Amino acid sequence: DQQVKQNSPSLSVQEGRISILNCDYTNSMFDYFLWYKKYPAEGPTFLISISSIKDKNEDGRFTVFLNKSAKHLSLHIVPSQPGDSAVYFCAASAIQGAQKLVFGQGTRLTINP
Amino acid sequence: DAGITQSPRHKVTETGTPVTLRCHQTENHRYMYWYRQDPGHGLRLIHYSYGVKDTDKGEVSDGYSVSRSKTEDFLLTLESATSSQTSVYFCATLDGMNTEAFFGQGTRLTVV
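For clarity, every value in this text was computed on a predicted model and none was experimentally measured. (Residues numbered from 1 in each chain as written. Chains lettered and ligands numbered in written order. Predicted model: local features only at pLDDT ≥ 70, side-chain atom pairs only at ≥ 80, totals over all residues. Heavy atoms only, no water.)

**A look at the interface of chain B and chain A**
Spelled out, the test is: What makes two residues a contact is simply this: any of their non-hydrogen atoms within 4.5 Å. Buried area: the accessible surface (1.4 Å probe) lost by two parts on joining, summed over both. By convention in these notes, a salt bridge is any Lys or Arg side-chain nitrogen within 4 Å of a carboxyl oxygen on Asp or Glu. Any pair of N or O atoms that falls within 3.5 Å is considered a polar contact. Within protein, one atom must be able to donate a hydrogen and the other to accept it, and sequence-neighbouring residues count only if both atoms are side-chain atoms.
The interface of chain B with chain A comprises 25 residues on the first partner and 23 residues on the second. Counting the surface lost from both chain B and chain A, the interface buries some 2,000 Å², and carbon and sulfur atoms represent 61% of this. Summed over the three residues of chain B that lose the most area to chain A, namely Leu43(B), Glu59(B) and Asn98(B), the buried surface amounts to 27% of that side. Applying the counting criterion to the chain B and chain A interface returns zero salt bridges. Run the count over chain B and chain A and you get two residue pairs in polar contact (both at pLDDT 80 or more).

What follows is the structure, given as structure tokens:
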């Protein structure tokens, strides 16, 4: 039962262009969503989050959009830089679920010079 | 960075032996999690804890047990290791609701 899904295993984008990573979820009880970035041989690090009461949150080059009716969120990176090459995970949690934190399968982003 | 230490960082063990992985935090975070990372599956939740002695199952809990006798330590035990449990295991902690979780560096476990 995959409650959080990232259907694109990989994405390749040219440096300077926009990267868009997508994530879908099935549990309507989720009320907080996060994006994490992971480099090889390291633990995931937090990137940006959004509460279900918002539809957009921005932090520098990173913007997360939430469409609750479609149960879909996306991460936009503009402009993309070589250091952005990593695996990106989306995650979701529910207050009513005792903060059970569920992750997607990840998308490997490669930024080409 | 949150003070999260996983031990050991690497371990090779034989099929059928018990294995315990330790997660230690110095942040006094209430919530703690164990995940495994496998190619094509991302991060899958094994067990999590929402307080001392309060734990619950995640998506892939079969073959694993956990214990949390004090706030700072969350132990993951493989009662009888199998080759399918070869993976990279991550511990994470979270302070409160609607905040981000912090991850440890991971433990690479190989069951031969």
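There is more to say, and it comes next.
**What about unusual backbone geometry?**
Under the convention used in this document: A run of DSSP states H or I qualifies as a helix once it reaches four residues; a run of E qualifies as a strand once it reaches two. Both are numbered from the N-terminal end.
In this model, Val78(A) is joined to Pro79(A) through a cis peptide bond whose omega is -15 degrees. Residue placement: Pro79(A) occurs in the loop between β8 (72-77) and β9 (86-94). In this structure, the amide linkage connecting Ser7(B) to the following residue, Pro8(B), adopts the cis form with an omega of -10 degrees. With respect to the element layout, Pro8(B) can be found in the loop between β1 (4-7) and β2 (10-13).

**Focus on the packing of aromatic side chains**
Our working definition: Think of it this way: a Phe, Tyr or Trp ring, Trp meaning its six-membered ring, pairs with another when their centres are within 6.5 Å, and the plane angle makes it stacked under 30 degrees, edge-to-face over 60, tilted otherwise. With a 1.4 Å probe rolled over the protein chains alone, any residue whose accessible area is under 20% of its type maximum counts as buried; one over 50% counts as exposed, and the rest are partly exposed.
Within the structure shown, the criterion is met by 14 aromatic pairs over all chains. Centroid distance Tyr36(A) to Phe46(A): 5.9 Å. Interplanar angle 75 degrees. Geometry classified as edge-to-face. Here Phe46(A) lies in strand β5 (residues 45-51) and Tyr36(A) lies in strand β4 (residues 32-38), a separation of ten residues in the sequence. By relative accessible area, Tyr36(A) is classed as buried at 0%. An angle of 40 degrees between the planes, with centres 5.8 Å apart, marks the rings of Tyr35(B) and Phe103(B) as tilted. Here Tyr35(B) is found in strand β4 (residues 31-38), whereas its partner Phe103(B) is found in strand β10 (residues 101-103), with 68 residues between them in sequence.

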